[in-house]
Structures are given as structure tokens and as C-alpha cells.
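Letter by letter, the chains look like this.
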Amino acid sequence: MSADFLYGIEVILNGLMAGVLYALVALGFVLIFKASGIFNYAQGVMALFAALTLVGIMEGQVPFSHMINAIFGTEIHHFGWHVPALLAIFLTLCVMVAFAWAVQKFVFRHLVGQEPIILFMATIGLAYFLEGMGDLMWGSDIKTLKVGLPQGGSRWIEDMTSGLGGDDFYGFFIDKLDMVATVVAAILVMSLIAFAQYSKQGRAMRAVADDHQAALSVGISLNFIWVLVWSLAGLVALVAGVMWGAKSGVQFSLSLIALKALPVLMLGGFTSIPGAIVGGLIIGVGEKLFEYTIGGMIGGATENWFAYVLALIFLVFRPQGLFGEKIIERV
Amino acid sequence: MKDSYITPDGRTIGGVLMDMRGITLRFGGVEAIKNISFDIREGEIRAIIGPNGAGKSSMLNVISGFYHPQDGEVWFRGAKRPTMRPYDVARQGIARTFQNIALFEGMSVLDNIMCGRLTHMKTGIFSQAIWHGAAQREEVENREAVERIIDFLEIQAIRKTPVGRLPYGLKKRVELARALAAEPKLLLLDEPMAGMNVEEKEDMSRFILDVNDEFGTTIALIEHDMGVVMDLSDRVVVMDYGRKIGDGTPDEVRGNQEVIDAYLGVAHD
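Just so it is clear, the structure is predicted and the values come from calculations on it, not from any experiment.

1. Things to note about the overall build of chain B
Right, on to step 1. A count of helices and strands for chain B gives 10 helices and 12 strands.
Right, on to step 2. Whereas a compact globule of 269 residues would reach a radius of gyration of roughly 18 Å, chain B reaches 19 Å, a difference of no more than 12%.
Right, on to step 3. Projecting the C-alpha coordinates of chain B onto the three principal axes gives extents of approximately 70 × 40 × 40 Å.
Right, on to step 4. Here chain B, with 269 residues, has 41% of them falling under the buried criterion.
Right, on to step 5. For chain B, the proportion of contacts with a sequence separation of at least 24, taken over those separated by at least 6, is 68%.

2. Some words on unusual backbone geometry
Residue and element names in this part refer to chain B.
Right, on to step 1. A positive phi is found at Ile101, a non-glycine position, where the angle reads about 45 degrees.
Right, on to step 2. Along the chain, Ile101 turns up in the loop between β8 (94-96) and α3 (109-115).
Right, on to step 3. Even without a glycine there, the phi angle at Glu154 is positive, about 55 degrees.
Right, on to step 4. As for its position among the elements, Glu154 is in the loop between α5 (133-152) and α6 (168-181).
Right, on to step 5. Owing to 11 C-beta atoms within 10 Å, Glu154 belongs among the exposed residues under this scheme.

3. What to know about helix α1 (residues 56-63) of chain B
Residues and elements named next belong to chain B.
Right, on to step 1. Across the eight residues that make up α1, a large majority, seven, are buried.
Right, on to step 2. For α1, every residue scored as buried is listed here: Lys56, Ser58, Met59, Leu60, Asn61, Val62 and Ile63.
Right, on to step 3. Remark: Gly65 follows α1 within two positions and exhibits a positive phi of approximately 85 degrees.

4. A closer look at the sheet that holds strand β10 (residues 218-222) of chain B
Residues and elements named next belong to chain B.
Right, on to step 1. If you trace the six strands from one edge of the open sheet to the other, you get β8-β9-β10-β5-β11-β12, paired in mixed fashion. At either margin of the open sheet sits one strand with a lone partner, and together these are β8 and β12 (243-248). Each strand axis lies, on average, 15 degrees off the axis of its neighbour in the sheet, ignoring direction.

5. Observations concerning the domain arrangement of chain B
All names here are of chain B.
Right, on to step 1. By domain assignment, chain B separates into domain 1 (1-93 + 184-269) and domain 2 (105-183).
Right, on to step 2. Computed from C-alpha atoms alone, the centre-to-centre distance between domain 1 and domain 2 is 27 Å.
Right, on to step 3. The partner domain 2 presents 10 residues to the 11 residues of domain 1 that form the contact.
Right, on to step 4. The set of elements that each furnish at least two residues to the side of domain 1 that touches domain 2 consists of α2 (86-91) and α7 (198-215).

Cut-offs used in this document
- Residues numbered from 1 in each chain as written.
- Chains lettered and ligands numbered in written order.
- Predicted model: local features only at pLDDT ≥ 70, side-chain atom pairs only at ≥ 80, totals over all residues.
- Helix = DSSP H or I, 4+ residues; strand = E, 2+ residues; numbered from the N terminus.
- Rg over C-alpha atoms; globule rule 2.2 N^0.38 Å.
- Buried ≥ 20, exposed ≤ 12 C-beta atoms within 10 Å, placed from the backbone.
- Contact = placed C-beta atoms within 7 Å.
- Pairing = 2+ DSSP bridges.
- Axes fitted to C-alpha atoms, helices over the stretch in contact; angles between N-to-C directions.
- Domains from an automatic or database assignment.

Below, the structure written as C-alpha cells:
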């Protein structure tokens, strides 16, 4: 096999793994959109906030320390302890559930029955609020997230595959973190699907996604389901936040990955969980492969715009996405 | 009226299950229901009839908690009911169907009916998430109950079919199955036979009678078709322009001049 071909395969593998992370963020969007018809612009910021909180808890940072210091003239920053990663993840999850509850209680409960555009605007507000809140609570400096995930390329895979392509080929370079992310994402997605499919609450979730009135009539509290869905979106955001944070540090530009989820959703359809996953993978592979094959000829950096152009093409020819529900307007 | 009595066909009608007292419902300036009182007794089939726009569906929505009346009291099982959200009403044991069918279109028939059992499933979210023994047992028990209803309503053949693909008549039957799955104390049917052909109407009538007979379920139903109503129900409330203009057995109501006028129209001088 020629080295070029093998490098192509490596690009695809890396693309798939990047795609998993896009899919994770998109999944959070889909969960909320299906159950409540809200397009949650804040999903990316939720991932950022979750990652910030996780780092903060692990490092024993005092929340709101800058504000407290400014008001009381104190000099506190740290509690002086370190929380083990698993416990910190659990605590962060609790924070995300509390956030889900608060969002429902103070924002969306009061907006039931409003136009989708109003709900969307509310989530934009939420995004800025949460970004400010993250800043205020944990500070705006770039943090490193060390939850014990392996880093760097896998020597083992490199050694195993180096013999495949002759002298020009040195083996597949695959980031260990990417592999972990892929496995974790796969487990998360499968358990989410199993939960939605077989559990009582999952059934209620699907019921709410389908018909609000009917759901009410069988005794489902819409509020409970919405809190549940936002909590699950919080869980997905936490996982996405951990993976992106471990890869490139926890910084505020993390919230921008949410924008990458948009083309993913346009490809996969806004209402389909499999769609979010497949869409994420297509974008991930597509942008890496495009950069590898054509990028060099047109000056590179195509990864910044490739996903959006692809989404635009989809919008023209298949507006409901690959897996989305077909929009039929009866006249 | 005596506390309980036996109908000519041998069913026992018990005491008052639901008592609507002086219900008034307004939408803005429009009075949809004007000071209406009536009761529903245990084990009976109670019909609410009236011309279009009489306020029948509004009345059903008041009973099931979708609308909240500005005036009047709702008494259920001997206690005054506070203002309640629809899902709390459902948890109290009042199930309903809708005029324009509200099913979960993307879900299978089985899943739809299982949703009707949600009020009977008590295990918490953590137990469900880890698929703990109690959650499994509960699923199996409720599944058995659902299968009995599927047999009863003769929809075995479509158990796994997504509801969205079913024809109208079957959808109506699945909706009835979902409501029945809750084992309700009071079953509300909003025009269960609307849009059906004669044969489907006969089937549905038979099911309604069987449900009442077999499970002793109290049923309140809205219906347009006078013939069907007169055959099915023990007592009838007649509404017109939000007022109650008749209340009694089908025979009594049939002889009521106001009712005849409302249905046939009356010449204005």
C-alpha cells in the first residue's frame, strides 16, 4: 500500500474522532430540541461552564473568590484541598442538574407557549449569563484539566502499523485522548438511547417530545421532563467539556465549538439522535479529508469553513437533514 | 335520589363519584360554560350532548384539569378538588381521550399504551437508570396489564406498529386503550365516534359498553350522534350555548321541549 493512501486512512480515523466530539455537542442540542422545541444556543457554554466547574472543584478553588475579595478585602483563592476526579465529576453533575432545575424554574416555565424565536432568544440570554457566571465564579484564566485521561499519540499503534507502507510511512498517529473520547462518547450515547427506549422516564421523555397534551393526559409532568432533559443535556455538556478541555485546555473559546454543532445538526436533522452522531462523524471526516486532499491547493485552513459550506449545500437539497422529520405543510 | 340502584340490564350504579357545582368558564368576555351543575355516579355511563359550540369539550377540559373554571367547585370522590394541573388530575385516576386524537405518533402501539400505565409505575429515576430489579419487575407487571387491554380491545395484530401509520378508526381504539391502561376511576371520552363509519361506530359502542360492564369503569362521554348516545348512556346532560338545558335519562331528555328546540331549531317570530 502506498504511503499516501495510508495517510489518507489516518486522516479519516482522526476525522472520525474529532467528529465524535462534534456529535457530543450536537447531541445535547437534539435532546432539548426534541423534548421542548427549544433550540438551546447555550449548549456550548454549558460545556464550558461544566468544564470550568469541574476544574474549580478539583483544584479546590473558592467560587466567586474575586468578588468576595473585592468586597471584603480578603485574599482567599483556594480552600487548600484537592478533590479526586470522580467525586469532582459527580459534584459537577449535581451543579448541572441544579442549573437545569433553575433554568426551568426561572426561565422556561414562564415562557411556555411562546414563539420558538422567543425561546431561542432566551437561550441566547442564558448563554451570555452562563458565560459571565463561569467567569465570575471561577475566573477567566485558561486552566488545564487533569482528570487522568491519557495524552499524546499511541506508540503502540504507531509501532504496530509502521510496517504497512514501506519506508515513507511511520505508522498511524492516533491520539490516546481521542480514543478515550470515542469510547466514552459511544458508551454515553448507547446508555442514553437505552434509557430513552426502555426506562419509564425515557418513555415519558419520548411522549413529551411527541405530544404535550397527550403526555399531560397520562399524568406526565412536563416540568419534570424538561428538568430531566436539561440535566441530560448538562451531562452531555460535561462529557464534551471534559474531552475538549483535556485536549485544548479549559478556556472561553470552548463555547465556540457549539457553533460547529450547527452544521452537524443541519446535516443530521434537529430531531434525530442517530442523526447527530452520523452528522458529527461526516463533518469530522469531511473537514479533515478536505483539508488533506484539497486544502493545500487553495491555501489551507479550510477546516474553519468547510462544515458550514457542507451544511449550506444540505440546506439547499435536503433541508430536513439526513435523519430529520420531513416537513410537510398541508394547505 | 337514592344512593345506589340497579339498572334494568343488571349493572349497579353507586353513589356520586364526581360532582360539578356551579361551573362557570370564561375566555375573555365569552362565557363558554354558564353556571352548570351535574354529577356523575359510580359505574354509570354519563353522556354530555349538545350542538356545536355548546361547551361540551370545555366541560370535559374542566373535569380533566386542562381548563380552570372562574367559578364553581369540582368535587371528586367526596372531596373538593383544588385547582389542579392536568397531570395531577390524571394521577388521581381520571383518564381521557381527545376529540382530535392525541397519541404519540412516533411510538409503537405498545409503547403508547404503556404510557397510560405511567401513573402506576412508582420506581424512581435512579432505579430505572441502572435497571434495578424493582424497575424490571414493575415493567413486567405493567406489561402484563397492557397485554390484557390489548387482548380486550382486539388490537394484538398492530402491537408493534408505529401509531402514525394506523388508520383513523384504529387510532381511536389505541387512544381508548391508553386511557384504559391507567385503570381510571373515571374515563372521559371526547367524541369517541367522531368521523367513524357505521361499522366502526358499532365496534366502538360495543367496546365502551364492555369496558363499563367488565371493569365497572365510570364513563363520561361527549357525542354528537344522538342515536348512539341514547343507546349507550344511563343519564344525559344536554348543553346549549354554555347552559344546561336538560339532564336525565335518555327518555326524559328526548321528551324535553328545550332539547328538541336546540337540536331541531325553533322558528323565531
